[in-house]
Amino acid sequence: MKEYIKEYQKMREKRFKDWGYYSAPINWQEFEASNQRIFQKYLNDSKVLSDDVLRTKLYSSFLIDDIKYFAYYIAFLDGDYKQLNNALWQIGRDELIRGGLLASGTIYTDGILRGLFTSFACNDFSVISSYIPKDLPLLKGTYYPQNVINLLYALYYQDEDRLSESIILAQQFLEKKKRTGMEEFSVRYFINLARKDVAGISQNLQNLCLAYQKRGYPF
């Protein structure tokens, strides 16, 4: 918690140095002021952007970024685990909305996966059936999101046959030479989860967090 608080404050100072203003709120007053600025810029002033769809996408994108890091910061600052769970719930929902709004032609994007991961972390399983319906066929496993979705499907619906097939496809994916840390450890995490390998779950979750940071995310 202390490390996150310190890193958040460093990010805030860095953004001030780079941009000349504090973009990361430090308290609820600044958070509300930031929300109002984003609303005025992207939704209230149609002269800036006339395309309603683009305005909504930009508003959602900037608002969610504003919420995400601040929600964790406040929860850690207060040492409040209930508030942290609420933050995970809200951020998971927001990421899923954002992933759907900003999705490319791919059925499962990084944004949707992040939303599902976050929802999974706070036991918000009710969203899973909306994004991973029961009639979803087994995906080919060519890319890491497909393997994650296959494994998550099998775990959520408790489908042992599907789980066996998903693990085989995931292991074949992991044998490929070219894959990023995010790709590898996301898949390994869910394999370990399926096998109830506590040590593997912990290790790959740690590796996944480090890989996430290496992609340029601050936390």
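Residues numbered from 1 in each chain as written. Predicted model: local features only at pLDDT ≥ 70, side-chain atom pairs only at ≥ 80, totals over all residues. Heavy atoms only, no water.

Asker: Where do I start with the overall build of the protein in this structure?
Answerer: When helices and strands are tallied, the protein shows 10 helices and 0 strands. For the protein, the succession of helices and strands along the chain, N to C, is α-α-α-α-α-α-α-α-α-α. Here the protein holds 219 residues, and 43% of them are scored as buried. Partitioning the contacts of the protein with sequence separation of at least 6, the portion at a separation of at least 24 is 54%. About 12,700 Å² of surface is accessible on the protein, with carbon and sulfur atoms providing 54% of the total. (Helix = DSSP H or I, 4+ residues; strand = E, 2+ residues; numbered from the N terminus. Buried < 20%, exposed > 50% of the residue type's maximum accessible area, 1.4 Å probe, protein only. Contact = heavy atoms within 4.5 Å. Areas by Shrake-Rupley, 256 points an atom, 1.4 Å probe, with all protein chains shown as cover.)

Asker: Please clarify how the nonpolar core should be interpreted in this entry.
Answerer: Nonpolar side chains tend to gather and get buried jointly when the protein is soluble and globular. Among the nonpolar cores identified, the biggest contains 29 residues, and Leu116, Ile132, Ile149 and Val187 are the most heavily contacted of them. Contributions of two or more residues to this core are made by α5 (110–121), α7 (144–156), α8 (160–174) and α9 (181–194). With 7 residues, α7 is the single largest residue contributor to this core. (Core = buried A, V, L, I, M, F, W, Y, C linked by side-chain atoms within 4.5 Å.)

Asker: Sorry if this is basic, but what is going on with the pattern of salt bridges here?
Answerer: A pair can form between side chains of opposite charge whenever their charged atoms are brought close. Enumeration according to the criterion identifies 8 salt bridges in this entry. Its salt-bridge partner being Arg93, residue Asp124 comes within 2.8 Å of it at the nearest N-O pair. Here Arg93 lies in helix α4 (residues 81–101) and Asp124 lies in the loop between α5 and α6 (128–131), a separation of 31 residues in the sequence. Looking at Arg93, the relative accessible area reads 25%, which means it is partly exposed. (Salt bridge = Lys/Arg side-chain N within 4 Å of Asp/Glu carboxyl O.)

Asker: Please explain the environment of Pro25 as it appears in this structure.
Answerer: The topology assignment puts Pro25 in the loop between α1 (2–19) and α2 (28–44). Along the primary structure Pro25 and Arg12 are separated by 13 residues, whereas in three dimensions their C-alpha atoms are 7.8 Å apart.

Asker: Is there a simple way to explain the packing of aromatic side chains in this structure?
Answerer: What characterises a pair of aromatic rings is the spacing of the ring centres plus the angle enclosed by the ring planes. Per the stated rule, a full pass over the model turns up 12 aromatic pairs. Geometry around Tyr153 places Arg162 over its ring, the cationic atom sitting 3.7 Å from the centre. (Phe/Tyr/Trp six-rings, centres within 6.5 Å; stacked < 30°, edge-to-face > 60°. Lys NZ or Arg CZ within 6 Å of the ring centre and 35° of its normal.)

Asker: What is the right way to look at the packing of α7 against α9 in this model?
Answerer: Axes are the key here: two packed helices are described by the angle between their axes and the distance separating the axes. Interaxial distance between α7 and α9 falls to 9 Å at its minimum, and their mutual angle equals 15°. In terms of axis orientation, α7 runs roughly parallel to α9. Between α7 and α9 lies a crossing of left-handed hand. Between α7 and α9, the residues in contact are Tyr144, Asn147, Val148, Leu151, Leu152 and Leu155 and Met182, Glu183, Ser186, Val187, Phe190, Ile191, Leu193 and Ala194, respectively. Tallied by class, the residues present in the contact of α7 with α9 amount to 11 nonpolar, 2 polar and 1 charged. (Axes fitted to C-alpha atoms, helices over the stretch in contact; angles between N-to-C directions. Parallel < 35°, antiparallel > 145°, perpendicular 65-115°, else oblique. Left-handed = near helix turned anticlockwise from the far one by under 90°. Nonpolar A, V, L, I, M, F, W, Y, C, P; charged D, E, K, R; others polar.)

Asker: Whenever I open this one, the packing of α9 against helix α10 (residues 198–214) confuses me. Can you help?
Answerer: Orientation of α9 relative to α10, taken along the N-to-C sense of each, is 160°, at an axis distance of 8 Å. The orientation of α9 with respect to α10, classified from their angle, is roughly antiparallel. Here the hand of the crossing between α9 and α10 comes out left-handed. Every residue of α10 that contacts α9 at Gly181, Met182, Phe185, Ser186, Arg188, Tyr189, Asn192 and Leu193 is listed here: Gly200, Ile201, Asn204, Leu205, Asn207, Leu208, Ala211 and Tyr212. Residue classes in the contact of α9 with α10 are distributed as 9 nonpolar, 6 polar and 1 charged.

Asker: What exactly am I supposed to notice about α5 here?
Answerer: Structurally, the α-helix is built with 3.6 residues per turn, so residues lying three or four positions apart point the same way. Taking 1.5 Å as the rise per residue, α5 with 12 residues should run 16 Å; its terminal C-alpha atoms sit 16 Å apart, in good agreement. Those residues of α5 that fall on the buried side of the exposure criterion are Gly111, Ile112, Leu113, Gly115, Leu116, Thr118, Ser119 and Phe120. Where α5 terminates, the next one or two residues include Asn123, which has phi positive at roughly 60°. (Expected span 1.5 Å × (residues − 1).)

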